[in-house]
Amino acid sequence: MRIVSFFDKNASVHCLEKKVYLRTNSHPMKKILVLGSCGQIGTELVLTLREKFGSQNVVAADLKDECPETLSNGPYIQLDALNKELVRAYIIEQQFTDVYLLAALLSATAEKNPDFAWKLNMESLFIILDLAKEGHISKIFWPSSIAVFGPTTPRHQTPQYTVMEPSTVYGISKQAGERWCEYYFHKFGVDVRSIRYPGLISYKSLPGGGTTDYAVDIYYKAKAGAHFTCFLKEDTALPMMFMDDAIRATIELMEAPAEQVKVRSSYNLSALSFTPKQIFESIQKVIPSFTISYEPDFRQAIADSWPASIDDSVARENWGWKERYDLDKTTEEMLKNL
């Protein structure tokens with residue numbers, strides 16, 4: 001593995017003319033960049049992409065100075081997704097075919113820093129969309145979220161096309177991003193693909209400040225034999241998904257023939273919906289001594305504005321999406337692997 005520092009905002013892009021970064025000896029059909037690779041989704045996505053397309057063909061990029069140990073099986077670069085000059089120069093020089101743009105400030109964190117959340121979530125998207133418009137990128141993946149929905153959205157079996165009045169900065173930025181992705185597809189032919197992720201559950205990486213994070217933390221507490229205090233009410237149902245399903249769905253969408261990708265804003269995606277009480281009861285089947293209490297905080301209002309369940313029939317019809325993990329199977333995997 002080689003680590004390249006490419007983060008200095010004052011650096012001249014002419015340095016690219018003096019060195020060749022992360023080149024392989026061949027010119028693979030795919031060369032992939034994952035921006036925001038050290039987050040909950042990015043970590044597992046990079047590892048899975050490297051298994052599928054070869055470690056040297058998938059470059060991980062993030063703000064961190066050094067490559068995390070989990071991503072040390074392939075190239076890593078320190079790169080700020082908002083540094084337009086350097087991002088453009090690096091992508092053009094490296095001739096990436098696919099870019100996965102995961103850099104974002106998530107729901108709960110974004111509410112504490114709305115100005116920066118909007119800047120990061122929107123400006124980074126424009127940088128990548130414009131590169132694709134100019135012909136430097138063949139395909140883009142950009143994640144949306146159930147946060148695009150709001151209190152006026154039908155809460156049960158939320159359809160693909162429905163009322164969207166998000167009440168959080170994160171949701172507003174994702175809804176705006178969906179519209180821009182769709183615009184760039186129709187106006188400029190940019191092949192951009194997207195999924196509205198539900199809450200994601202993983203044992204390989206920590207969550208990054210989302211409202212659904214309790215569904216990960218609860219397993220850590222259970223495994224440690226500790227009491228769990230939930231920041232949501234016991235009957236708050238939210239759409240969720242085991243990370244393996246989410247990563248598989250992402251790659252399946254990106255590899256689907258273009259004619260099958262009929263939604264160019266973002267696809268609804270679902271696997272299961274449950275409440276804190278239901279996940280607690282699932283864990284108790286394995287760890288009967290586990291205990292829980294409920295102390296709702298500001299995240300309760302966010303959760304109340306989101307759907308309780310999702311209709312993802314369009315994704316199933318267009319490109320064959322099908323989940324593999326239910327709640328008890330998710331619990332089994334989490335407690336076995338943590």
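Use the structure listed above.
The notes below deal with the structure included here. Because the structure is predicted, anything quoted here is derived from the model rather than measured.

1. Topic: the overall build of the protein chain
- Secondary structure assignment for the protein chain yields 11 helices and 15 strands.
- Its C-alpha atoms give the protein chain a radius of gyration of 20 Å, near enough to 20 Å, the size a compact globule of 338 residues would have.
- Projecting the C-alpha coordinates of the protein chain onto the three principal axes gives extents of approximately 60 × 40 × 40 Å.
- The proportion of buried residues among the 338 residues of the protein chain is 57%.
- Summing over all exposed atoms, the protein chain offers an accessible surface of approximately 14200 Å²; the carbon and sulfur share of this is 51%.
- Taking the average place of the 37 positive charges on the side chains of the protein chain and the average place of its 42 negative ones, the gap between the two points comes to 4 Å.

2. Some points on the side chain of Lys-139
- You can see Lys-139 is positioned in strand 6 (residues 139-141).
- No salt bridge is formed by the buried Lys-139; its nearest oppositely charged neighbour, Glu-255, is found at 4.6 Å.
- From its side chain, Lys-139 meets the backbone oxygen of Met-254 in a polar contact 2.7 Å long.
- Here Lys-139 is in contact with Lys-30, Thr-97, Asp-98, Val-99, Asp-191, Arg-193 and Met-254, once residues within four sequence places are set aside.

3. Section: the sheet that holds strand 14 (residues 272-274)
- Spatial strand order, 10-12-14: 3 strands in an open sheet with mixed pairing. Every other strand in the sheet has two partners, leaving strand 10 (199-201) and strand 14 as the edge strands with one partner each. Averaged over all pairs of adjacent strands, the angle between strand axes in this sheet comes to 45°, irrespective of strand direction.
- Here strand 12 (residues 238-242) runs beside strand 14; their pairing, made up of 3 bridges, is antiparallel. For Leu-238, the partnering residue across the bridge sits in strand 14 and is Phe-274.

4. A short note on helix 8 (residues 276-284)
- Regarding helix 8, the residues found buried are Pro-276, Ile-279, Phe-280, Ser-282 and Ile-283. Mapping the buried residues of helix 8 onto a view down its axis gives an arc of 160°, with all of them on the same face.
- For helix 8, the secondary structure elements touched by its buried residues are helix 6 (214-224), strand 11 (228-230), strand 14, strand 15 (292-294) and helix 11 (327-337).

5. Some remarks on the packing of aromatic side chains
- On inspection of all chains with the given rule, the structure shows 14 aromatic pairs.
- Ring geometry for Phe-126 and Trp-180: centres 5.0 Å apart, planes at 70°, overall edge-to-face. Residue Phe-126 is found in helix 4 (residues 114-133), and its partner Trp-180 is found in helix 5 (residues 169-188); the two are separated by 54 residues along the sequence.
- Relative accessible area serves as the criterion here: at 26%, Phe-126 is assigned to the partly exposed category.
- Site record: aromatic cluster; members linked through ring pairs are Phe-126, Trp-180, Tyr-183, Tyr-184 and Phe-188.
- It is Lys-30 that lies over the ring of Phe-53; its NZ or CZ is 5.5 Å from the centre.
- A cation over a ring is seen here: Lys-329 above Tyr-325, with NZ or CZ 4.6 Å from the ring centre.

6. Looking at the sheet that holds strand 7 (residues 144-145)
- Read across the open sheet, the 3 strands follow the order 7-9-13; overall the sheet is parallel. The sheet is open, and its two edges are formed by strand 7 and strand 13 (267-268), each paired on a single side.
- Packing of helix 7 (residues 243-255) onto the sheet brings it into contact with strand 9 (195-197) and strand 13, and relative to strand 9 it is tilted by some 170°.

7. Structural notes on the pattern of salt bridges
- Using the criterion set out here, one finds 18 salt bridges in the structure.
- With a closest N to O distance of 3.3 Å, Glu-255 and Lys-30 form a salt bridge. Here Lys-30 lies in the loop between strand 1 (3-5) and strand 2 (32-35) and Glu-255 lies in helix 7, a separation of 225 residues in the sequence.
- We classify Glu-255 as partly exposed; its relative accessible area is 35%.
- Lys-30 gets classed as buried once you look at its relative accessible area, which sits at 17%.
- With a closest N to O distance of 2.7 Å, Glu-323 and Arg-316 form a salt bridge.
- Classification of Glu-323 as buried rests on a relative accessible area of 19%.
- A cluster of three or more residues bridged by salt bridges with shared partners is formed by Asp-312, Arg-316, Lys-322 and Glu-323.

About the criteria used
Residues numbered from 1 in each chain as written. Predicted model: local features only at pLDDT ≥ 70, side-chain atom pairs only at ≥ 80, totals over all residues. Heavy atoms only, no water. Helix = DSSP H or I, 4+ residues; strand = E, 2+ residues; numbered from the N terminus. Rg over C-alpha atoms; globule rule 2.2 N^0.38 Å. Buried < 20%, exposed > 50% of the residue type's maximum accessible area, 1.4 Å probe, protein only. Areas by Shrake-Rupley, 256 points an atom, 1.4 Å probe, with all protein chains shown as cover. Lys, Arg positive; Asp, Glu negative; His and termini not counted. Charge placed at Lys NZ, Arg CZ, Asp CG, Glu CD. Salt bridge = Lys/Arg side-chain N within 4 Å of Asp/Glu carboxyl O. Polar contact = N/O pair within 3.5 Å; in protein donor to acceptor, adjacent residues only side chain to side chain. Contact = heavy atoms within 4.5 Å. Pairing = 2+ DSSP bridges. Axes fitted to C-alpha atoms, helices over the stretch in contact; angles between N-to-C directions. Arc of directions from axis to C-beta. Phe/Tyr/Trp six-rings, centres within 6.5 Å; stacked < 30°, edge-to-face > 60°. Lys NZ or Arg CZ within 6 Å of the ring centre and 35° of its normal.

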